[in-house]
Amino acid sequence: MKVVNLKQAILQAWKERWSDYQWAINIKKNLGTKGATWDYLNLAEALMEQALIGPSPNPLILSYLKYAINSQMVSYSSVLTAISKFDDFSRDLCVKSLLEIMDMFSNHLSCHGKAEECIGLCRALLNVVMWLVLGCAWYCDRLRELGSSASTEASLKACQERLHSLVSSIKNRALIHIARLEDQGSWSNVEQAIVKLTEGIGSVTNQTLKSKLEESVSLVKGIPHMLTAQSPPPAQPSFPSVHAFIMLEGTMNLTGETQPLVEQLMMIKRMQRIPTPLFVLEIWKACFTGLIESPEGTEELKWTAFMFLKIPQVLLKLKSPQSDKGQEFMDDVNVAFEYLLKLTPLLDKADQRCNCDCLNMLLQECNKLGLLSDSHAANLSSKREYAPRLKTTENANIQPNPGLILRAEPTVTNILKTVDADHSKSPEGLLGVLAHMLSGKSLDLLLAAAAATGKLKSFARKFIKLNEFPKHISGEGSKSASVRALLFDISFLMLCHVVQTYGSEVILSEPSPSGETPFFETWLLTCMPEEGKILNPDHPCFRPESGKVESLVALLNNSSEMKLVQMKWHEICLSTPAAILEVLNAWENGALTVEAVQRITDNIKGKVCSMAICAVAWLVAHVRMLGRDEREKPQTMIRQLVLPLFGENTLQFYNERVVIMSSILEHMCADVFQQTGLLLRSTLEGQEPIPYRNLLPAKEPIHEALRRQFQAVLRKGWVDSRALHLFESLLHIGGVFWFTNNLVKELLKETRKEWAHRVVELLYSIFCLDTQQITLTLLGTILPNLLTDPAHWHSLADPPGKALAKLSVWCALSSFSTHHKGQASARQRKRQREDIEDYSSLFPLDDTQPSKLMRLLSSNEDEPVTLSSPANLFLLISSILGSKMAGPHTQFVHSFMEECVECLEQGHRGSILQFLPFTMVSELVKLPAMAKPKVVLAITDLTLPLGRRVAAKAISAL
């Protein structure tokens, strides 16, 4: 009834020519409503209907509407909704009046009511934008049909100006963005209207008007992507975090999968807003640097494989599959190479190191993979003046590593096929292949190529299978016995070498397909010494049946040649440690002479090198348990076993096998011999130092070593591979908290803005040594300590405070994204974790069990978190925002939240921000830096209705 009465009241007022304020007084008296708004009676729509009945608007009734707007009897959203329902654009005067009504309030749209009213404003804005777009499209059609007309152009211009005025405001676009998520159907209508307008723009002859229309259309189209539009990237020549991350992966994680590496690189690129050409350039710079400074031998081959095989595949994954983006990426790669060409000293040094034209080989690889066009590759190649003078007489015959690595890749596939074939009838055929692999540096080349292309696990699995093959003995002659012994020995040596070069993860990360644990896996777990792994020499695995041990001791003590027929090599290897203990005891008790011991050790290493490895593995564990004075005899035995045996009666391929055996044994013994300062071999024989071992200064406190190394890296501006290995040793020795806490202290000392930012980049990449654990410590312990203790607040002042906030957000985002995909690199998994719970409980691979990081960030007060006190980070931040005391700690919180927004991924409510309690939004928008529409959109979960209401309420009030 009230609606009917309302229309009658409007007509009566018009008939009696009431003034606007008389009308307002009478209508309130007769149709009095509680509260300020008349929206539920649709007052704005009723007035508009009556005002726009004729060909031109009724000025008196329009004056009532204007009075209602000015006196806030009606809300802005109800007026906009009413305007958007008018669809007869041929009545120019009516349209003009509606646009003038919009002008009354469109530049200060706001709503301070309930959340539902704010959502109403969002919907109304969306509707009125669609109305303006349709109006523009209608006038464009009219221009096409009737030709150029001043009045039509004026109407089109009027609609365009209002549309541009509305959507050029970030606040309005944010509100429309919320409405779009509330009602996808309405947004589809807007998109259709935009298509219609785009088609009609062509008929506009006025170029100024045409370009303005195109600009307005572009703004409307950009609304769904408004969160992805980033501020321009900082102008800086280099990006140490990309450089250091590539160094880390190339030095320590060649076997890692490509996808996690690609995602981590993309994360760094997004967080730092690095332009693609500079990003690709930084990757290549790091590769060249890593190759130049890599130690000779295996490490150099690993870097070569990383640079020439793995990185081109990484770039291929970075290249977007869409054709237009793909072409754009190719152009960016070309620009990166153009920049790289200017770094002549770097390229020259790499060419000298590898004795070939490295850049040209890279260009060829990128061209093959479709990362560079033929013309680009040819043009770049012509610009690099390669110096043939590098080929001196000494190294002219040495083939360059890059060429060898590129040729090794297809060979790996062929070898895998060969080993896969059935060799039970004639296993001799395999020996030729295996012997070829052992010669020179073939094995290291093949392993590096396999590691860089993700085939190393498959490679290892095949050799474990091969190592199991000799278990099956049927009536055999001496020839088949020697073939069986060689197959066992070569596969065992290769597997030991793989473990020492690439870590036991390669072999242990996947269970055996047969379900039964193969011999080598059992031996590796219980008997093989590795860095950071302490073995018990009295473990039952070293104590097989006494009968087998006695027969082996008798066999070894026999001066005649060791027999091979019917030998069970797996059992022999497991019995060797106990036999060695018997010999050692006999020697120490005077029952054996040095010569007798030498004969026994000669017998051990003379045929099957695996026996020597099993013997030394136990001796190393045994020596670790002895005092300095008791070590002489066992260490002498180790020395005897390490040296090759020069004699006639050795088994085939002995020279090739013994080279690998000596290398394996040197790695095994390095730590034990270093403890007493003894050399494994005499200085005359020479011994290549093991790369990256024993980097810590002998008598310097680890705290001082960490500080000194970090300052050196900071002065240099980038992290080299030696520094990364030293940092990893310190992390391992000092533990995660000690390591993180001391490096954060280094950051908080840095009061120069540019240097503080450099520290962040370097620390972020150093923290990639174990992102998850370091992040948990940083967010769960270190930050709460700094934020809750007033004695520490002064250290959080800018610039170091802002820098720490940036570092914390970068770590949280990286850690969260890798946890969510269930990724932990082999490097992070292999480290012993005595100080923390089982890894899977921290970062479970399924979504049913919350990880500590998620609990740490979440805002559920009922769920206690043991990691930190107060319970978690966002609750702590919330309490700081709500407290009355301001200081550097509140400034830190502002910086932290700003950085969260700045680092948003692709316009989603970025990962860690999903843990933000909704109640915090109203607190945050009180801060000047956070009182921005885009910030509110970023910090609320717009996928939830509640999130959209909270965002609409906060933005409407801005």
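One can find the structure itself at the top, above this paragraph.
In this report, the structure presented in the accompanying data block is examined. From a predicted model like this one, the values you see are computed outputs, not experimental measurements. (Residues numbered from 1 in each chain as written. Predicted model: local features only at pLDDT ≥ 70, side-chain atom pairs only at ≥ 80, totals over all residues. Heavy atoms only, no water.)

Glancing now at the overall build of the protein. The number of helices and strands found in the protein is 46 helices and zero strands. Evaluated residue by residue, the protein yields a buried proportion of 54% over its 958 residues. A separation of at least 24 residues holds for 77% of the contacts in the protein among residues at least 6 apart in sequence. (Helix = DSSP H or I, 4+ residues; strand = E, 2+ residues; numbered from the N terminus. Buried < 20%, exposed > 50% of the residue type's maximum accessible area, 1.4 Å probe, protein only. Contact = heavy atoms within 4.5 Å.)

Glancing now at the environment of Pro917. Tracing the backbone through its elements, the reader meets Pro917 in the loop between helix H43 (888-902) and helix H44 (919-924). In sequence terms Pro917 and Ser878 are 39 residues apart; their C-alpha atoms lie 8.4 Å from each other.

This paragraph deals with the packing of helix H7 (residues 115-146) against helix H9 (residues 170-182). Their axes nearest at 8 Å, the elements H7 and H9 cross at an angle of 95°. The angle between H7 and H9 places the two elements in the roughly perpendicular class. Here H7 contributes Ile119, Leu121, Cys122, Arg123, Leu125, Leu126 and Val129 to the contact with H9, which in turn contributes Asn172, Leu175, Ile176, Ile178, Ala179 and Glu182. Across the contact of H7 with H9, the residue classes break down as 10 nonpolar, one polar and two charged. (Axes fitted to C-alpha atoms, helices over the stretch in contact; angles between N-to-C directions. Parallel < 35°, antiparallel > 145°, perpendicular 65-115°, else oblique. Nonpolar A, V, L, I, M, F, W, Y, C, P; charged D, E, K, R; others polar.)

Attention now goes to H7. Under the 1.5 Å per step criterion, the end-to-end length of H7 is 47 Å for 32 residues, consistent within 8% with the ideal 46 Å. The positive-phi residue at the C-terminal boundary of H7 is Gly147, with phi of around 80°. (Expected span 1.5 Å × (residues − 1).)

Membership of the largest hydrophobic core comes to 321 residues, with the highest contact counts inside it found for Trp23, Trp131, Trp523, Phe739 and Leu804. In terms of residue count, the dominant contributor to this core is H7 (17 residues). Once residues lying within four places of it in the same chain are set aside, the contact partners of Trp523 are Phe492, Cys496, Met528, Leu574, Ile613, Cys614, Ala617 and Met668. (Core = buried A, V, L, I, M, F, W, Y, C linked by side-chain atoms within 4.5 Å.)

Opposite charge on two side chains lets them pair, provided their charged atoms get close. This structure, assessed with the given rule, holds 26 salt bridges. With its nearest N and O atoms 3.9 Å apart, the salt bridge here joins Asp183 to Arg123. Linking Asp183 in the loop between H9 and helix H10 (184-201) with Arg123 in helix H7, this pair joins segments that are 60 residues apart in sequence. For Asp183, a relative accessible area of 25% gives the class partly exposed. A salt bridge links Arg384 to Asp351, with the nearest nitrogen and oxygen atoms 2.7 Å apart. Separated by 33 residues along the polypeptide, Arg384 in the loop between helix H19 (374-383) and helix H20 (401-420) and Asp351 in helix H17 (residues 344-354) bring together distant segments of the chain. With a relative accessible area of 9%, Arg384 lands in the buried category. The network of salt bridges with common partners includes Arg123, Glu182, Asp183, Arg948 and Arg949. (Salt bridge = Lys/Arg side-chain N within 4 Å of Asp/Glu carboxyl O.)

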